[in-house]
Amino acid sequence: MPVYGVEKYIRKCMLSVLNQTFKEEFEILAVDDLGPDKSVEIIKELQASHPRGNRIRIISQPQNMGCWAARNRVLEEAQGEYVFLLDSDDYISEDCIEKLYSEAINHNAEAVYGSVLPVDDQGNPKDIGQDYLNQPYKVFHEKDGLARFANQGLHPTFRDYIWNTLIRHDFIDKNNIRFKKAKFCDDMICSADMTPLVNDAVLIPDYTYYYVIRENSLSNYQYRKTIKLEEIKESFRVYSYLKNKCQELTDKDYFETRCTRGMILMFYAVCGALKNRKRVQPKLSSSIIKEAIRHPLPLNKILQFKKYRLINLGFYLISVLPASLSASVLFFIGKKKHYI
């Protein structure tokens, strides 16, 4: 787990790991990203006082580098047969690792995904409109099986977060799974890279992970009076990566769906930025909006679509309009459809 500025949450998170019912040997890697609070001191206290405290290994970064770099440090330092990534402001069920590991062994899985329960700071369930965080029980043993399930329609059917996943270490090494540099959503980028590579996977409906919704997180614009333009641009950079990923998947039978979902995801990001445009400093220009919504495919490729041709044509046409008109059309559509 990366550790930075989580003094309020780290004890509960760490205890949820230390008190696992899993009886086999495991190690806990806490990557100190040199935060300003006492998060690491709390971990050291548990390291000295808890019966399993000797399983905690604290790794210090040479300087504050961000969550993506801390997660990569975990992948480089981990010694176990499987790796489980956890955010240090969340926590897991007491039988999380036991359940995921059992499925991994029984099905020789490269990755096992547990279901996720969003909660508030007090642990109360919170509806965030992401019902796909609660999964059906499914086993995949075929190339593209998991990716096909994840892209069976425009409505999300599979979570795009890398945490709460038990991943076989040799799969990580074989495919050189790493996190790309990003201020946030590096887990979504990694999931987009990893999902097409997984052949043997298990999904389980059991809630093994409690996702704590923090009102002051970077992704929650509504609680701040001003929003930095660089933050919006970073968000667009992340979602551009996700939509452009489809260019690598043109030979897949789920290609059209993956491409369309990438464009819709960017559309939502643009609508969110437009909704808060007056609070963005410096000013959010229409040229930035136009570049964000640019379609990753040429027109001739879009015209070959069979399933989602009209949706993609619509996005393409908006992206070739003059910048100010493109932004105005997006604002109008977003407001009319209540995205804004």
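Fair warning: this is a prediction, and the values are worked out from it, not measured in the lab. (Residues numbered from 1 in each chain as written. Predicted model: local features only at pLDDT ≥ 70, side-chain atom pairs only at ≥ 80, totals over all residues. Heavy atoms only, no water.)

Engineer: An account of the packing of helix H9 (residues 255-275) against helix H12 (residues 309-320) is needed here, citing residue identities and associated values.
Structural biologist: Contact geometry of H9 with H12 gives a least axis separation of 10 Å together with a crossing angle of 45°. Comparing the axis directions of H9 and H12 gives the class oblique. For H9 against H12, the interelement crossing comes out left-handed. Taking contact as the criterion, the partners of Cys-259, Thr-260, Met-263, Ile-264 and Phe-267 in H9 are, on H12, Ile-311, Asn-312 and Phe-315. Across the contact of H9 with H12, the residue classes tally to 6 nonpolar, 2 polar and no charged. (Axes fitted to C-alpha atoms, helices over the stretch in contact; angles between N-to-C directions. Helix = DSSP H or I, 4+ residues; strand = E, 2+ residues; numbered from the N terminus. Parallel < 35°, antiparallel > 145°, perpendicular 65-115°, else oblique. Left-handed = near helix turned anticlockwise from the far one by under 90°. Contact = heavy atoms within 4.5 Å. Nonpolar A, V, L, I, M, F, W, Y, C, P; charged D, E, K, R; others polar.)

Engineer: Just give me the short version of the side chain of Thr-208, but keep the residues and values in it.
Structural biologist: Looking at the element boundaries, Thr-208 is found in strand E9 (residues 200-212). Leave out the neighbours within four places in its chain, and Thr-208 touches Ile-92, Ser-93, Cys-96, Gly-114, Ser-115 and Asn-164.

Engineer: Can you break down the environment of Lys-243 residue by residue, with the values?
Structural biologist: If you trace the backbone, Lys-243 turns up in helix H8 (residues 229-244). Counting along the chain gives 168 residues from Lys-243 to Leu-75, while the straight-line C-alpha distance between them is 26 Å.

Engineer: Could you give me a rundown of the state of the cysteines, with the residues and numbers involved?
Structural biologist: Inspection of the entire model under this criterion finds 0 disulfides. In this structure Cys-185 is a free cysteine whose sulfur lies 11 Å from that of Cys-67, the closest cysteine sulfur available. Classification of Cys-185 by relative accessible area gives buried; the value is 18%. (Disulfide = S-S within 2.5 Å. Buried < 20%, exposed > 50% of the residue type's maximum accessible area, 1.4 Å probe, protein only.)

Engineer: Account for the nonpolar core, naming residues and giving values.
Structural biologist: Counting 67 residues, the largest nonpolar core has Met-1, Met-14, Phe-84, Phe-236, Val-270 and Ile-293 as its most contacted members. Dropping the residues within four chain positions of it, Ile-293 is found in contact with Met-263, Met-266, Phe-267, Val-270, Phe-315, Ile-318, Ser-319, Ser-326 and Leu-330. Counting 29 residues, the second-largest nonpolar core is a separate cluster that includes Val-74, Leu-75, Ala-111 and Ile-162. (Core = buried A, V, L, I, M, F, W, Y, C linked by side-chain atoms within 4.5 Å.)

Engineer: How would you sum up the sheet that holds strand E1 (residues 2-3)? Please name residues and give values.
Structural biologist: On the basis of which strands lie adjacent, the open sheet formed by 3 strands has the order E1-E2-E3 and parallel pairing. In this open sheet, the two strands that pair with only one neighbour each are E1 and strand E3 (56-60). As judged from the 5 bridges shared by strand E2 (residues 28-32) and E3, these two strands associate in the parallel manner. Across the sheet, Leu-29 pairs through a bridge with Arg-57, a residue of E3. This element, helix H1 (residues 10-18), spans E1, E2 and E3 of the sheet and lies at about 155° to E2. Against the sheet, helix H2 (residues 39-49) contacts E1, E2 and E3, and its axis sits at roughly 150° relative to E3. (Pairing = 2+ DSSP bridges.)

Engineer: Tell me about the packing of aromatic side chains, and please be specific about residues and values.
Structural biologist: Overall, the coordinates contain 13 aromatic pairs when judged by the stated rule. Pairing Phe-22 with Phe-26 gives two aromatic rings, centres 6.2 Å apart and planes at 50°, and the pair type is tilted. On the basis of relative accessible area, Phe-22 is assigned to the buried category, the value being 8%. Ring centres 6.0 Å apart and planes at 50° place the aromatic pair Tyr-161 and Tyr-211 in the tilted group. Placement of the pair is Tyr-161 in the loop between helix H5 (145-150) and strand E8 (165-168) and Tyr-211 in strand E9, with a sequence separation of 50 residues. A relative accessible area of 10% means that Tyr-161 is categorised as buried. (Phe/Tyr/Trp six-rings, centres within 6.5 Å; stacked < 30°, edge-to-face > 60°.)

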